[in-house]
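Structural description and commentary
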Amino acid sequence: PGIATNNDFTSGTSVQGCEFSQSIVEMDETTIFYPYHLMGIFSACNNDHFSTVALEKSIHSAEFANRLGGKISIRPQTEIPKNFSGNIDAGLISSGTTLSIPFSSKCGLILSGRLSYLNTLYSPLLENEDNRIRYDFFDTNLTFLYKKDTNSTFSINPLLGKDLLACHSKESFLDFELGWNNTAISASYEHVDKTVSHKTNVAFSRFDNKLRVAMTEFSINIPNNINLISIKELIKIYLGKNWDIKT
C-alpha cells in the first residue's frame, strides 16, 4: 500500500503519492541521482550484482530533510565468493554479465557490466534518409570485499553508468544530444556482534547531465552536474527481539 509505478514505461517508483524524484536511492549508503536508463525503462543498477533491496515508505529524519517520498536501499553482495563463477543475461535491447572472483577465503571481487545494442540491431527502425536517432547506455559495478574476521568486513563499491541520446535531422537541420552519467564510489567498514553493530562509510557521488541543440542559425550547450561527498557513522544497538536503537 502506498507504492506504485507511474506507468508501464518507467521504472520510477511513486511512494505515498510523491514523484519518484522525491524518493532517495542509495547504494551502500551512497546517494545515486536519477538511477535509470532509457528514460526510466531500465534501472541503472545491475540486479545480479546486488543481494538485497530495502524500501522505507516514510522518511522524516534530519538525514533526509529534502525528500518527501521513501528511501530505496540497494545493498551489494557481502559474502566472499567461494568459487570462480559467472553468468550472462542476454536480452533484445541489452545484455549483461557478472563475474565472482575469490582471491582467498578472506578476500574476493564481484564485477558486473551491462551494454545496450539498440543502434546495432534496430538501426533500420531508427534511421531513414532524413532522420537518424541513436541511443546507447552502459553501466558497470564492482565490489571488493575483505573480511578481517567473521564479524568485520571492509568493502569498496564503485559504480559507473552512461547514457547518450542523439537525433540528427537533415529535413529540419537539427542536431540534438542529451547525455547523463552516474559516477559513485563508497568505502565501508562494518562490524557486527550480538548487541551492537556499527558501520563507517565514506562516499562520493556525481551526476552529469549535458544538453546540446544545434540548428542552422543558433546552438545551445547546457552542461550541469551534482557532486556529493558524505561521511557516515551508523550505529545500531539491539535491546531485544523486537527493539533496537539506530543513530
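One can find the structure itself at the top, above this paragraph.
On a predicted model such as this, the values are computed, not experimentally measured, just so you know.

Cut-offs applied
Residues numbered from 1 in each chain as written. Predicted model: local features only at pLDDT ≥ 70, side-chain atom pairs only at ≥ 80, totals over all residues. Heavy atoms only, no water. Pairing = 2+ DSSP bridges. Helix = DSSP H or I, 4+ residues; strand = E, 2+ residues; numbered from the N terminus. Core = buried A, V, L, I, M, F, W, Y, C linked by side-chain atoms within 4.5 Å. Buried < 20%, exposed > 50% of the residue type's maximum accessible area, 1.4 Å probe, protein only. Contact = heavy atoms within 4.5 Å. Polar contact = N/O pair within 3.5 Å; in protein donor to acceptor, adjacent residues only side chain to side chain. 1 Å grid on protein atoms, 1.4 Å probe; cavity = no way out; pocket = protein on both sides within 12 Å on 5 of 7 lines; lining within 4 Å. Points joined across faces, edges and corners; volume = space filled by probe spheres on them.

**Some words on the sheet that holds strand E7 (residues 50-56)**
With mixed pairing, the four strands of this open sheet are ordered in space as E4-E3-E8-E7. In this open sheet, the two edge strands, each paired with only one partner strand, are strand E4 (30-31) and E7. Bridge count between E7 and strand E8 (residues 71-76): six bridges; the pairing is antiparallel. Across the sheet, Glu56 pairs through a bridge with Lys71, a residue of E8.

**What to know about the nonpolar core**
Ranked by size, the top nonpolar core spans nine residues in total: Val25, Met27, Ile32, Cys45, Phe50, Ile72, Ile74, Leu159 and Ala184. Secondary-structure elements contributing two or more residues to this core are strand E3 (24-27) and E8. Leu118, Leu178, Trp180 and Phe207 belong to the second largest nonpolar core, which has eight residues in total.

**Focus on the environment of Asn225**
For Asn225, the position within the fold is in strand E16 (residues 219-238). Between the alpha carbons of Asn225 and Asn182 there is a distance of 9.9 Å; along the sequence they are 43 residues apart. Beyond its immediate stretch of four places on either side in the chain, Asn225 contacts Arg206, Phe207 and Asp208. Here the side chain of Asn225 touches Asn227 through a polar contact of 2.9 Å, side chain to side chain.

**Comments concerning empty space enclosed by the protein**
The final tally for this structure, using the stated rule, is two cavities of 30 Å³ or more. Each pocket or cavity is described by its volume, and for the largest cavity that value is around 100 Å³. Around the largest cavity, the lining is made up of 13 residues, and of these Asp28, Arg75, Thr78, Ser155 and Glu190 lie nearest the centre. The biggest single contributor to the lining of the largest cavity is strand E13 (residues 152-169), with three residues.

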